[in-house]
Amino acid sequence: MIRVWKTTLKLRMIIGFMVILIFAVLLIFRAFDIQIIEGGRLSRLADAQFKASIYFMPERGNIYSSNGSILAASINIPGVAVDPLMVRHKLKNAERLSKATGLKYKKIIKILTQNLQFTWIKRRVSAATAKKVEKLGIEGIVIVKQPVRYYPNGTLLAHVLGFVGINDNGLSGIEYKYNKYLKGNKRALNVLQDGLGQYIFIRGFGLRKATHGDNIYLTINKQLQFITQYYLDKEAKAADSKGAFAILMDPNTGAILAMADYPSFNPNYYWKYPDRYWRNRAVTDDFEPGSTMKPFIISGAMQDGIIKPDTIINGHHGTYYIDGITVHDVEDWFGKLTINQLIEYSCNVCACQVGMKMGKQRVWYWLKRWGFLSTPHAGLLGENAGIDRNVSQWSEVGPCEEAFGQGAAINGLQEITALSGIANGGYLLKPYIIKKIVNPYGKVIFRAKPHEIRRVINSKTDKEIKYMMRLVVKGGTGQYAKLIDFKVSGKTGTGQVDNPKTGTYYKNKYTASFMAFVPYKHPVLAMLVVQQEPSKISYYGGAVSAPVVRDVFKTALNILNVYPGGKAYKKQLKAGNIPYDIDNEKELRENLKNKSFKRESYSVKHSANYSGKMPDLKGDTIYEALNALSNFKRLSLKIWGSGYLYFQSIKPGTYIASGSGVNSVTLKFKPKDYYGHAPLQKSDKKSKNVKSHIKVVSKPVSKPKKKSLTAASAANGKVKK
């Protein structure tokens, strides 16, 4: 019996030991799991429960114009904060704070009775209000200064800049698109909080230093922006337009120099305006261009060899029937016209026939080549590729409609980019508005450079279409854009407005546009103006949009120190004002003052003998090139243009000596871009010699007798379906 009991007791001890051992192993494993395996995660959870951060806004990066003028900045605005647990005599102090801040007494009482250690009474107050609160001397009340976005120029460039919300996040425009660069890092006050979520302020939990946001420099010229916006507003108000926009571009680089919208708004008080005022129409609004599309389609037809400038087409006196539709022109005198006259007088009937001869695929091809079916990617908010049906969905008269600007809906950014391609010699350049981005320490983290997308047309076609557009302003539909001292090339357009409900066009709503570049042969500015549904003066682009271009060009050329040719040019030269942008080359200017000049070139002659090998001057400035050739005495240097050398008539390495018959060298320069780079150059590609399919019916009619320029005679044609 005793043995059995001892055996049972021993068994119980063993079982008890095993149970304790198992629990010990499980406890050790659990402890290992909690402290080692799950330790990091649980520690983070604990920090999340007991640690908190009160954030203060950092100073947002500034936005500058191309020359460093501030367009958007952050200024410190005081705010009133409180630790409710420290405030005594809450009823009495609430009344005092109500009088000082202008807030309701009940609202302040509610704030002061909260079981918190930090909260805002009012985030933004005036300096005078902050001073009144400080004078009250209430324990627990503090004045905290926070940066607030400020636009010193008010409505200037508002649609491009956009605006910032109360939480310091960009809500529109550049402020939204580049928010991650501008915002910077937040400043944080680290605190502990108890189980009820109340803040516990402990020494050692201080402010984490905020980082200033990056600064952004735009390509916008502030002076050009001001005059563009001024003249656009003036004309849009006179025409009582529903909306309007204008874009000014450097055609040689693709840089956007000005972009204006009407009506505008003040981003400092953006909430006071309907949201439709915030839209950047120049980028987001698609419209049927009307006759401004003609130069792009006609240039394609010439490049393909289908037509020539002197090809004759029958204008059918302003009425043409084709496959169930009637194409109309405003003028009924259009008989047989050359292609030059087609552009000059904006004949829809002739343009329609050119489009039909080109066919669907070639019209579609040239729309794509000019960039009308792709997003420009200029760095602006709301860019799009426009609207057009796929070529497979075009009707039989699709090429006809597209040729005079109906069917496809484009945006202003696409059109000014394509126009700049004509202006600069046929190169389609990528448009851009961001010049550079600089971090808080002054390091440039991004710098834009001109980028050539492709060469669209060769130099011969480009010269021909430039001349046609020159005729438009000289004696055609764009005469309101004439300047006294400069030759302007342009094109008018009057597009119909589509009614989405019926699928047809409104009978009394139009888009009036005008695009142009100046000077005619060597443009430095390209501009597009579009008036949306003007109801007064006229609805033709030549009447309500061309005057804006004229006024902006006249002032802008003076701002940019671009001087006219001819007699006025010689007077400037005689006075010592050389009309070339040569980088601080005062010595060269002095040497060239009394030399003989022609419109686009000048010559410099040396004395004594000369010999040696011709150096490679590509990329040199005029000053550098003259220095490099200083040993070649009596060699006549013929210099064209200004900026950086891209062509020399004598190949590098060629030996030159007196008596060799070589007595002159021609050097050609292109204006430098914003960052010191010479524009890209590519050799012209030979176009296929496509036989013309347009029959020459007779000699062109003579130009009608000149009559006074009225709104009707300055008009483009229109189409009725």
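Up top you'll find the structure we're talking about.
Residues numbered from 1 in each chain as written. Predicted model: local features only at pLDDT ≥ 70, side-chain atom pairs only at ≥ 80, totals over all residues. Heavy atoms only, no water.

Q: How should I be thinking about the overall build of the chain in this particular structure?
A: Helices and strands together make up the secondary structure of the chain, namely 22 helices and 29 strands. For the chain, the residues scored as buried account for 52% of the 721 residues in total. Pairs at least 24 apart in sequence give 73% of the contacts found in the chain among residues at least 6 apart. (Helix = DSSP H or I, 4+ residues; strand = E, 2+ residues; numbered from the N terminus. Buried < 20%, exposed > 50% of the residue type's maximum accessible area, 1.4 Å probe, protein only. Contact = heavy atoms within 4.5 Å.)

Q: In this structure, what is going on with the state of the cysteines? I would like to understand it.
A: Should the sulfur atoms of two cysteines be covalently bonded, the bond is a disulfide. One pass over the structure, following the stated rule, counts one disulfide. The disulfide bridge from cysteine 352 ends at cysteine 400, spanning 2.2 Å between sulfur atoms. Disulfide cysteine 352-cysteine 400: the torsion about the S-S bond is -110°, which places it as left-handed. Linking cysteine 352 in helix 13 (residues 348–358) with cysteine 400 in helix 15 (residues 398–403), this pair joins segments that are 48 residues apart in sequence. Take cysteine 352 and cysteine 400: they sit in the same class, and that class is buried. Cysteine 347 takes part in no disulfide bond, and the closest cysteine sulfur, belonging to cysteine 350, lies 3.4 Å away. Residue cysteine 347 is classed as buried on the basis of its relative accessible area of 0%. Cysteine 350 sits in the buried class, given a relative accessible area of 1%. (Disulfide = S-S within 2.5 Å.)

Q: Is there a simple way to think about the packing of helix 9 (residues 222–239) against helix 19 (residues 546–559) in this case?
A: How two helices pack is summed up by the angle between their axes together with the distance between the axes. For the pair helix 9 and helix 19, interaxial distance at closest approach is 9 Å and the crossing angle is 160°. By the angle between their directions, the pair helix 9 and helix 19 is classed as roughly antiparallel. For the pair helix 9 and helix 19, the sense of crossing is right-handed. Packed against helix 9, whose contacting residues are Gln223, Leu224, Ile227, Thr228, Tyr231, Leu232 and Glu235, the element helix 19 presents Pro547, Val548, Asp551, Val552, Thr555, Ala556 and Ile559 at the interface. Split into classes, the residues belonging to the contact of helix 9 with helix 19 amount to nine nonpolar, three polar and two charged. (Axes fitted to C-alpha atoms, helices over the stretch in contact; angles between N-to-C directions. Parallel < 35°, antiparallel > 145°, perpendicular 65-115°, else oblique. Left-handed = near helix turned anticlockwise from the far one by under 90°. Nonpolar A, V, L, I, M, F, W, Y, C, P; charged D, E, K, R; others polar.)

Q: Looking at this structure, how should I read the environment of proline 547?
A: Inspection of the secondary structure assignment puts proline 547 in helix 19. Residues proline 547 and valine 529, 18 residues apart in the sequence, show an inter-C-alpha distance of 9.6 Å. Discounting chain neighbours no more than four positions away, the residues touching proline 547 are Glu235, Tyr480 and Gly542.

Q: Any chance you could explain a positive patch on the surface here in plain terms?
A: On the surface, a cluster of positive charge is made up of Lys463, Lys474, Lys482, Lys487, Lys521 and Lys668. Among the residues examined, lysine 668 registers a relative accessible area of 31% and is labelled partly exposed. (Patch = residues over 30% accessible without salt bridge, like charges linked within 9 Å, V, L, I, M, F, W, Y side chains within 5 Å. Areas by Shrake-Rupley, 256 points an atom, 1.4 Å probe, with all protein chains shown as cover. Salt bridge = Lys/Arg side-chain N within 4 Å of Asp/Glu carboxyl O. Lys, Arg positive; Asp, Glu negative; His and termini not counted. Charge placed at Lys NZ, Arg CZ, Asp CG, Glu CD.)

Q: It is not clear to me how the pattern of salt bridges should be interpreted in this structure. Could you clarify?
A: Close approach of charged atoms lets side chains of opposite charge pair. Tallying each qualifying case throughout the model produces seven salt bridges. Where arginine 60 meets glutamate 175, a salt bridge forms, and the shortest distance between an N and an O atom there is 3.0 Å. Of this pair, arginine 60 sits in the loop between strand 1 (51–56) and strand 2 (63–64) while glutamate 175 sits in helix 7 (residues 173–177), and the two are 115 residues apart along the sequence. Side by side, arginine 60 and glutamate 175 carry an identical accessibility label, which is buried. Residues arginine 550 and aspartate 551 are paired through a salt bridge, measuring 3.2 Å at the closest nitrogen-oxygen approach. Accessibility expressed as a relative area gives 26% for arginine 550, which makes it partly exposed. Each of Arg60, Arg149 and Glu175 takes part in one network of salt bridges that share partners.

Q: Teacher, can you tell me more about the sheet that holds strand 10 (residues 243–249) here?
A: Strand-to-strand pairing in sheets goes through backbone hydrogen bonds, with the strands running parallel or antiparallel. One open sheet accounts for five strands, arranged 11-10-22-21-20; its pairing is antiparallel. A single partner strand is all that each edge strand has here, and the edge strands are strand 11 (256–262) and strand 20 (489–499). Averaged over all adjacent pairs, the angle separating strand axes in this sheet is 10°, with direction ignored. When strand 10 meets strand 11, the two strands line up antiparallel, connected through six bridges. Note on strand 11: the bridge partner recorded for leucine 248 is alanine 258. (Pairing = 2+ DSSP bridges.)

Q: What is the right way to read the environment of glycine 184 from this model?
A: Topologically, glycine 184 is positioned in the loop between helix 8 (179–182) and strand 6 (187–193). Assessed through its relative accessible area of 27%, glycine 184 is described here as partly exposed. Along the sequence, glycine 184 and asparagine 439 sit 255 residues apart, while their C-alpha atoms lie 9.7 Å from each other. Filtering out sequence-adjacent residues up to four positions away, glycine 184 remains in contact with Pro58, Thr211, His212 and Gly213.

Q: Can you help me understand helix 4 (residues 105–112) in this one?
A: An α-helical turn contains 3.6 residues, so a residue and the one three or four places further along point in the same direction. Listed as buried for helix 4 are Ile108, Ile109, Ile111 and Leu112. Projected down its long axis, helix 4 shows its buried positions confined to an angular sector of 160°, all on one face. Helix 4 presents Lys106 and Lys110 as exposed residues on the side facing more than 90 degrees away from its buried surface. (Arc of directions from axis to C-beta.)

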